[in-house]
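# Examination of the molecular architecture
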Amino acid sequence: VQLQASGGGLVQAGDSLRLSCTASGRTVSVYGMGWFRQAPGKEREFVAGIPWSIGPTVYSDSLKGRFTISKDRAKNTIYLQMNSLKPEDTAVYYCAADLKPSWRMTTSESDYDYWGQGTLVTVSS
């Protein structure tokens with residue numbers, strides 16, 4: 001499975017941005033996909049996850065309400081809509097694919113099997 005993330009850029013505080021991640025290859029093996037981010041000098045953290053078929057989406061408690069994850073199965077693509085962006089949202093955003101079926105999307109980085117290359121989001125104050 002290959003993942004290609006896009007949509008990052010430089011925005012001002014309060015702006016919105018939508019990231020995309022398209023999966024290719026053996027996508028039938030994918031159970032769900034997620035977004036993580038890594039700010040400068042910090043560890044990578046979970047943002048949101050969504051099952052490829054049925055099941056609830058999962059969000060980081062601190063980001064729920066401003067960020068929304070969605071999917072387009074026909075395009076093998078997930079999205080991350082980010083609203084009311086803050087300078088502390090500045091990070092490299094990664095998408096990842098989980099191949100292991102579960103009753104709930106995992107928030108653990110180590111549970112994801114494939115990773116995209118990341119897209120940089122910079123929020124200026």
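Provided above is the structure to which this section pertains.
Fair warning: this is a prediction, and the values are worked out from it, not measured in the lab.

Here we come to the nonpolar core. By size, the foremost hydrophobic cluster in this structure holds 30 residues, and its most contacted members are M33, W35, I78, L80, M82 and Y93. Taken together, the elements giving at least two residues each to this core come down to β1 (2-6), β3 (17-24), β4 (32-38), β5 (45-51), β7 (67-72), β8 (77-82), β9 (91-98) and β11 (119-124). For Y93, the contacting residues outside a window of four places in its chain are L19, W35, F36, R37, V47, F67, L80, M82, G118, T119 and V121. Y31, F36, F46 and Y112 belong to the second largest nonpolar core, which has seven residues in total.

Across the sheet, four strands lie side by side as β1-β3-β8-β7; this open sheet has antiparallel pairing. Two strands close off the open sheet at either side, each with one partner strand: β1 and β7. On average, each strand axis in the sheet is inclined to that of its neighbour by 15°, with strand direction left out of account.

Positionally, T90 belongs in the loop between β8 and β9. Within the structure, the side chain of T90 is placed 2.9 Å from the backbone nitrogen of V123, a separation counted as a polar contact. When residues no more than four places from it in sequence are discounted, the contact partners of T90 are A39, P40, V121, T122 and V123.

Let us now look at the pairing of β4. Counting buried residues along β4, six of its seven residues qualify, which places the element largely inside the surrounding structure. Across six bridges, the pairing between β4 and β5 is antiparallel. Each bridged residue has a counterpart across the sheet, and for G32 the counterpart in β5 is P51. Hairpin connection between β4 and β5: a loop of six residues separates the two successive antiparallel strands, and G41 in this loop has a positive phi of roughly 75°.

For the rest of this paragraph, the subject is the environment of A39. Along the chain, A39 turns up in the loop between β4 and β5. Exposure remark for A39: the relative accessible area of 18% places this residue in the buried category. Separated by 50 residues in the primary sequence, A39 and D89 have C-alpha atoms spaced 7.7 Å apart. Discounting chain neighbours no more than four positions away, the residues touching A39 are T90 and A91.

For the rest of this paragraph, the subject is the state of the cysteines. A complete count under the given rule lists one disulfide for this structure. Paired by a disulfide, C21 and C95 hold their sulfur atoms 2.0 Å apart. Since a negative S-S torsion denotes a left-handed disulfide, the C21-C95 link at about 65° is right-handed. Highlighted residues: C21 in strand β3 and C95 in strand β9, separated in sequence by 74 residues. C95 carries the same exposure label as C21, and that label is buried.

Basis of the calculations
Residues numbered from 1 in each chain as written. Predicted model: local features only at pLDDT ≥ 70, side-chain atom pairs only at ≥ 80, totals over all residues. Heavy atoms only, no water. Core = buried A, V, L, I, M, F, W, Y, C linked by side-chain atoms within 4.5 Å. Buried < 20%, exposed > 50% of the residue type's maximum accessible area, 1.4 Å probe, protein only. Helix = DSSP H or I, 4+ residues; strand = E, 2+ residues; numbered from the N terminus. Contact = heavy atoms within 4.5 Å. Pairing = 2+ DSSP bridges. Axes fitted to C-alpha atoms, helices over the stretch in contact; angles between N-to-C directions. Polar contact = N/O pair within 3.5 Å; in protein donor to acceptor, adjacent residues only side chain to side chain. Disulfide = S-S within 2.5 Å.

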